[in-house]
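Here's the letter readout for the chains.
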Amino acid sequence: MALSTLAFLVLVSFPVLLVTAVRASAKHRRTDLPTPPAPPAPGTGDGARTALPLGGSRTGSGTTVPVGRPADAGAAQPGAAPARAEASGAAAPEAAAAGTAASRAPAAPARTAAAPGSRPNSPAKDRPEMRPGSMDRRALTSTLLALGSVLGVTALGAALDRAQGSLPDGTDRGGVLPGAGAVTPTGQTTTIEVSMADMRFRPDVLEVPAGNTLVIELANDDPHDVHDLVLASGVSSGRLQPGASTTVEAGVISHDLEGWCSIVGHRAMGMTLSVTATGAGPSAAGAEPSTGSGGIDELSRVPLDLQAAPGAGYQVRDARLPAASGSEQRVRFEVTDVAAEIAPGVLMDAMTYNGTVVGPVLRSELGSRLTVDLVNNSAMGHSLDLHAGRIAPDEAMRTIPPGDSLEYAITTDYSGIWLYHCATMPMSVHMAAGMAGALIVPPVGSAEVDREYVLVQSEHYLVPDGAPGSEAVIHEGAHPVSPAKIAAERPDATVFNGHANQYVHSPLQARVGERVRLWVLAAGPSRGISFHVVGGVFDTVFKEGEYLLRPEAETRGGAQALDLAAAQGGFVELVFDEPGTYTAVNHSFVDLERGARALIEVTA
């Protein structure tokens, strides 16, 4: 940056310096430069040519002009007196001889000035005209120095920028690195078969003689999941459904390349390969093109304006507990990829059950039968895990490819608030992308309440604009999920029911004296919750299938928080004695400040 600023200042100064130099040159052209008058013709009455000591002068027609060393060059040598030759008479023989010798000597290069009291020389006789187009030497030197400074600073800045990675070296899409002159295309082709399955490429190291053209016969042998191959040179296979295959022309290989599956989370699971250019020289080995990420760190926070209202197109989720569904219930879960708002004006490339981040709240009664028809209409494989059921996961929880479906049936034999989520690896990515929700089975003998709400907390991790991975966005304007942030446990937003602070702008409602039950689930994928209502005290606490506190307890105890780890759930009950606005929060305040907050408006 400093060099760029210096270069800019030099560039700005250059026109000024150039104009100054031109003006100085023009000024010198107009300056009178007096010189000695032309010598008189032999035999004329103007007198003979006379040799003069250094610093002397000559006169002609009444004019005295100093010649030799300029006045500012210092005093004459000691004892040397200036001599004058009078034009009125003939010169002495000695002077004539000396004058003849002086006329043969070269003229002194010093500037001359008119003697004080003499009248100016005639322009026609006393100064020569400068040749057209001539330039003062100092002006020319200044111009060349200024131009050289500009070019030098610019070249130095560009070289350092390139050394620091600001300017990519660049490669063509075939992987040929400019400057790797030691590698010459051989005209030969290397063809390698590569299989994709179980989050692996097989083989995952492709050895290619340097200079050969690489062709990859790529097959997706995974029975359930979608995969692809992207090379660091920019070559991509496109997404392949299970059982599909394609030919990938990787171009001439002059240096080592990395490859990976770009399906979100698959690279983090280890689905990578390496192309090794055997026989490549040191200048080409290991080279890899720039990703053009703009220098943005993937772990940087995506800015959220949590004071703003949800976007105009966002529908605030109904937080009320659904009504009882009877002993037999059948629901349809359609998996889709959508651009979902998770905070005011912030969209995420979401994977969803029925189109919402955090799927629909389900309710089932104790001993009832629940059947879910899972239909995958998304771009990759997905699955479902219902924590409330006891069932072998091999079939019911298997990953199904796009366009496929399965039937998943359980009996809800235990009470509580249960997590459901996608069980396809990496699960953390699928859950952070929105594939989680709550199934509530109320306990036997629970008290009658006036209002019942459900708050499912989830955290979300987004790739910032311009960071590596941001180019993988499916929907324009949306942020992909960041596996790097998930691994580092650095969420951008922690929300209730899929959107940060939505119940701040659309508060939950209650009245003074009413008993309110708040079901709470920590859906994760990684973070728990310390649930608290500012201004309220819980007289009932139910956690993971058991009451921890009830109003009739002899201890007359109360609770201030319900602590839940990831995937745990429960409920609290409280009665509001005064009208006002109460705030339900995650008392782990870092998550409160990421959006885990809801208001409860209590009226008289």
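Note: the structure precedes this text.
A.B. asks: Help me understand the overall build of the protein, please; the structure alone is not making it clear to me.
C.D. replies: Each helix and strand counted, the protein has nine helices and 30 strands in total. Expressed as a percentage of its 604 residues, the buried residues of the protein come to 42%. Taking contacts inside the protein between residues at least 6 apart in sequence as the whole, the part at least 24 apart equals 75%. When the accessible surface of the protein is split by element, carbon and sulfur atoms take 54% of a total near 30,300 Å².

A.B. asks: Teacher, can you tell me more about the sheet that holds strand β19 (residues 451-460) here?
C.D. replies: Two modes of strand pairing occur in sheets, parallel and antiparallel, and in both the strands are linked by backbone hydrogen bonds. Pairing in this open sheet of six strands is mixed, and the strands run β21-β19-β23-β28-β25-β26 from one edge to the other. Each edge of the open sheet is held by one strand with a lone partner, namely β21 (493-496) and β26 (546-549). Adjacent strand axes in the sheet meet at a mean angle of 20 degrees, parallel and antiparallel pairs treated alike. Relative to strand β28 (residues 569-575), strand β23 (residues 515-524) is paired through seven bridges, and the arrangement is antiparallel.

A.B. asks: Hey, could you run me through the packing of aromatic side chains in this one?
C.D. replies: Any pair of aromatic rings gets described here by the distance separating the centres and the angle formed by the planes. Enumeration according to the criterion identifies nine aromatic pairs in this entry. For the ring pair F542 and F571, a centre distance of 4.8 Å and an interplane angle of 10 degrees mean the geometry is stacked. Linking F542 in strand β25 (residues 540-543) with F571 in strand β28, this pair joins segments that are 29 residues apart in sequence. Judged on exposure class, the residue F542 and its partner F571 are both buried. A cation over an aromatic ring shows up here: R517 above the ring of F571, its NZ or CZ 4.8 Å from the ring centre. The ring of Y547 is capped by R550, whose NZ or CZ atom sits 3.9 Å from the centre of that ring.

A.B. asks: It is not clear to me how the nonpolar core should be interpreted in this structure. Could you clarify?
C.D. replies: The nonpolar side chains of a soluble globular protein tend to be buried with one another. Counting residues in hydrophobic clusters, the biggest one holds 90 residues, and the most contacted among them are V275, F333, Y353, L384 and Y408. Top element by residues in this core is strand β11 (residues 328-343). It accounts for six residues. Setting aside chain neighbours within four positions, we find F333 in contact with Y353, N354, P360, L362, V372, D373, L374, V375, L384 and Y420. Counting 29 residues, the second-largest nonpolar core is a separate cluster that includes A319, L508, I529 and I600.

A.B. asks: Quick question: what am I supposed to make of the sheet that holds strand β6 (residues 213-220) here?
C.D. replies: A sheet is described by the order of its strands in space; here four strands give the open sequence β4-β3-β6-β8, paired in mixed fashion. Edge positions in the sheet fall to β4 (200-202) and β8 (245-252), since each of these pairs with one other strand and no more. Adjacent strand axes in the sheet meet at a mean angle of 25 degrees when their direction is disregarded.

A.B. asks: Help me understand the side chain of T371, please; the structure alone is not making it clear to me.
C.D. replies: Within the secondary structure, T371 sits in strand β14 (residues 368-376). Assessed through its relative accessible area of 9%, T371 is described here as buried. Ignoring anything within four residues of it in the chain, the contact list for T371 reads Q329, R330, V331, E407, Y408 and A409.

A.B. asks: Just checking my understanding: could you explain the pairing of strand β30 (residues 597-603) for this structure?
C.D. replies: The side chains of a regular strand alternate between the sheet's two faces. Bridge count for strand β22 (residues 508-511) against β30 is four bridges, and the pairing is parallel. Pairing of Q509 across the sheet is with E601, part of β30. With six bridges connecting them, strand β29 (residues 580-586) and β30 associate as antiparallel partners. If you follow A584 over to β30, its bridge partner there is A598.

A.B. asks: Mind showing me how you'd approach a nonpolar patch on the surface here?
C.D. replies: Side chains of F8, L9 and V12 sit close together on the surface and give an oily, nonpolar patch of about 300 Å² of accessible area. Structurally, F8 can be placed in helix α1 (residues 2-30).

A.B. asks: Hey, could you run me through the pattern of salt bridges in this one?
C.D. replies: If charged atoms from side chains of opposite charge come close, those side chains can pair. One pass over the full model with this rule turns up 17 salt bridges. Here R330 and D373 are joined by a salt bridge, their closest N and O atoms 2.8 Å apart. One end of the pair, R330, is in strand β11; the other, D373, is in strand β14, and 43 residues separate them in sequence. We classify R330 as exposed; its relative accessible area is 52%. Overall, D373 belongs to the partly exposed group, its relative accessible area being 21%. Notably, a salt bridge pairs R550 with E552, separated by 3.5 Å at the nearest N-O pair. Classification of E552 by relative accessible area gives exposed; the value is 57%. Through salt bridges that share partners, E452, R515, R517, D539 and E573 make up one connected network.

A.B. asks: Help me out: how do you make sense of unusual backbone geometry in this one?
C.D. replies: Cis peptide bonds are those with omega within 30 degrees of zero, and the linkage from R202 to P203 qualifies with -5 degrees. Relative to the helices and strands, P203 resides in the loop between β4 and β5 (205-209). Following G524, the chain continues to P525 via a peptide bond in cis, the omega torsion being 25 degrees. Along the chain, the position of P525 falls in the loop between β23 and β24 (529-534). Phi is positive for E544, close to 50 degrees, though the residue is something other than glycine. Structurally, E544 is set in the loop between β25 and β26. Its identity as a non-glycine residue notwithstanding, A567 has a phi of 80 degrees, on the positive side. Structurally, A567 can be placed in the loop between β27 (562-564) and β28.

Reading the values: the criteria
Residues numbered from 1 in each chain as written. Predicted model: local features only at pLDDT ≥ 70, side-chain atom pairs only at ≥ 80, totals over all residues. Heavy atoms only, no water. Helix = DSSP H or I, 4+ residues; strand = E, 2+ residues; numbered from the N terminus. Buried < 20%, exposed > 50% of the residue type's maximum accessible area, 1.4 Å probe, protein only. Contact = heavy atoms within 4.5 Å. Areas by Shrake-Rupley, 256 points an atom, 1.4 Å probe, with all protein chains shown as cover. Pairing = 2+ DSSP bridges. Axes fitted to C-alpha atoms, helices over the stretch in contact; angles between N-to-C directions. Phe/Tyr/Trp six-rings, centres within 6.5 Å; stacked < 30°, edge-to-face > 60°. Lys NZ or Arg CZ within 6 Å of the ring centre and 35° of its normal. Core = buried A, V, L, I, M, F, W, Y, C linked by side-chain atoms within 4.5 Å. Patch = residues over 30% accessible without salt bridge, like charges linked within 9 Å, V, L, I, M, F, W, Y side chains within 5 Å. Salt bridge = Lys/Arg side-chain N within 4 Å of Asp/Glu carboxyl O.

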